[in-house]
Amino acid sequence: ALTKDSRPLPAGGATEIELAHRLAAFGRKQTGLDQYAIEKFARALEVVPRTLAENAGLNATDVVYNLYAAHANGETTAGVDVTHEAQWCDLQAKESIADVYLVKWWALKLATEAVCTVLRVDQIIMAKQAGGPKGGGPGGDED
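Bear in mind the structure is a predicted one, so any value in this text is a computation, not a measurement.

(A) Structural detail: the overall build of the protein. Per the secondary structure count, the protein includes six helices and four strands. What you see in the protein, going N to C, is helices and strands ordered as β-α-α-α-α-β-β-α-β-α. Summed over its atoms, the accessible surface of the protein is roughly 10,000 Å², and 58% of this surface lies on carbon and sulfur atoms.

Structure follows, in structure tokens:
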């Protein structure tokens, strides 16, 4: 086995677009800042198929749009087709190309932890009072 858990996942950004599609749908049901955060996280998942399309010389915006349309129509295994025959296809069925579950799981876990760490640090910085010189105490500015 390639890894401890070598279950295959759809390749070519299909997993990320499906997650983004489902997260965006979930985010639309939320309110306030939760909705905003969920939608931005979903949008960040588009980086994988967008990068694959750009590196293949395809119009990344069109590819991502078509992938979303395919996934909305139930083509949950649709990924970026870099051979230029079509903008998307089921790479596992067509070319026997798949991603490994464990690799995706760790990538998403570590990326999410990194984002949470950055947000925690940002909250700490925002919670502290603004720094700067203290004004007018004893022994201060005398003219």
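(B) Structural view of a nonpolar patch on the surface. Taken together, the side chains of Val48, Leu52 and Val82 present a nonpolar region at the surface, about 200 Å² in accessible area. Within the secondary structure layout, valine 48 lies in helix α3 (residues 47-55). Overall, valine 48 belongs to the partly exposed group, its relative accessible area being 32%.

(C) Molecular detail of the packing of aromatic side chains. What the rule picks out here adds up to one aromatic pair. A ring pair is formed by tryptophan 105 and tryptophan 106, whose centres lie 4.9 Å apart and whose planes are at 90 degrees; its orientation type is edge-to-face. Taking relative accessible area as the criterion, tryptophan 106 reaches 41% and is therefore assigned partly exposed. Directly above the aromatic system of tyrosine 101 lies the positively charged group of arginine 7, at a separation of 4.1 Å from the ring centroid.

(D) Here's a closer look at the nonpolar core. In this structure, Ile17, Ala53, Leu58, Ala60, Val63, Val64, Leu67, Ala70, Ala78 and Val80 together form the largest nonpolar core, which totals ten residues. Those elements that provide at least two residues to this core are α4 (60-72) and β2 (78-80). If you tally residues by element for this core, the top one is α4, at five residues. Sequence-distant contacts of valine 64, defined by excluding residues within four places in its chain, comprise Ile17, Glu46 and Arg50.

(E) Region of the structure containing the environment of phenylalanine 41. Take phenylalanine 41: it is sitting in helix α2 (residues 32-44). Between the alpha carbons of phenylalanine 41 and threonine 112 there is a distance of 9.1 Å; along the sequence they are 71 residues apart. Excluding its chain neighbours within four sequence positions, the residues that come into contact with phenylalanine 41 are Leu23 and Thr112.

(F) Up close: the side chain of lysine 104. Mapped onto the elements, lysine 104 comes out in helix α6 (residues 101-127). Classification of lysine 104 by relative accessible area gives buried; the value is 14%. Of note is the side chain of lysine 104, whose polar atom sits 3.2 Å from the side chain of aspartate 99. Excluding residues that lie within four positions of it along the chain, lysine 104 makes contacts with Leu9, Glu16 and Asp99.

(G) Region of the structure containing the packing of α3 against α4. At a closest axis distance of 8 Å, the pairing of α3 and α4 adopts a crossing angle of 135 degrees. Here α4 runs oblique to α3, going by the angle between their axes. α4 is crossed by α3, and the crossing has right-handed handedness. Along the contact surface, α3 presents Pro49, Arg50, Ala53 and Glu54, while α4 presents Ala60, Thr61, Val63, Val64 and Leu67.

Cut-offs applied
- Here, residues in each chain are numbered from 1, in the same order as that chain's written sequence.
- Selection of residues for local features in this predicted model requires a pLDDT of at least 70, selection of side-chain atom pairs for listing and counting requires 80 or more, and totals for whole chains, interfaces and linings are taken over all residues.
- Hydrogens and waters are ignored; side-chain quantities use all the structure's heavy atoms.
- Elements are defined by DSSP. Helices are runs of H or I of four residues or more, strands are runs of E of two residues or more, and each kind is numbered from the N terminus.
- Using the Shrake-Rupley algorithm and a 1.4 Å probe, accessible areas are obtained, with residue cover drawn only from the displayed protein chains.
- Within this analysis, patches are made of residues with over 30% relative accessible area and no salt bridge. Like charges are joined at 9 Å or less; nonpolar side chains (Val, Leu, Ile, Met, Phe, Trp, Tyr) at 5 Å or less.
- Salt bridge, as applied in this entry: a Lys or Arg side-chain nitrogen positioned within 4 Å of an Asp or Glu carboxyl oxygen.
- Only protein chains enter the accessibility calculation, which uses a 1.4 Å probe; a residue is then buried when its area is under 20% of its type maximum, exposed when over 50%, and partly exposed in between.
- Each aromatic pair joins two rings of Phe, Tyr and Trp (for Trp, the six-membered one) with centres within 6.5 Å, and gets the label stacked for planes under 30 degrees apart, edge-to-face for over 60, and tilted for any other angle.
- For a Lys NZ or an Arg CZ to count as sitting over a ring, it must be within 6 Å of the ring centre and within 35 degrees of the ring normal.
- Here, nonpolar core refers to any group of buried Ala, Val, Leu, Ile, Met, Phe, Trp, Tyr and Cys residues whose side-chain atoms link them within 4.5 Å.
- Pairs of residues are marked as contacts when any of their non-hydrogen atoms sit within 4.5 Å.
- In protein, a polar contact requires one atom able to donate a hydrogen and another able to accept it; more generally it is a pair of N or O atoms within 3.5 Å, and residues adjacent in sequence count only if both atoms are side-chain atoms.
- Here the axes come from fitting lines to C-alpha atoms, over the contacting stretch only for helices, and the angles between their N-to-C directions go from 0 to 180 degrees.
- Throughout, the term roughly parallel applies to angles under 35 degrees, roughly antiparallel to angles over 145, roughly perpendicular to angles from 65 to 115, and oblique to all others.
- Handedness of a crossing follows from how the near helix is turned relative to the far one, being left-handed for an anticlockwise turn of less than a right angle and right-handed for a clockwise one.

All quantities given are derived from atomic positions and should not be read as evidence of function.
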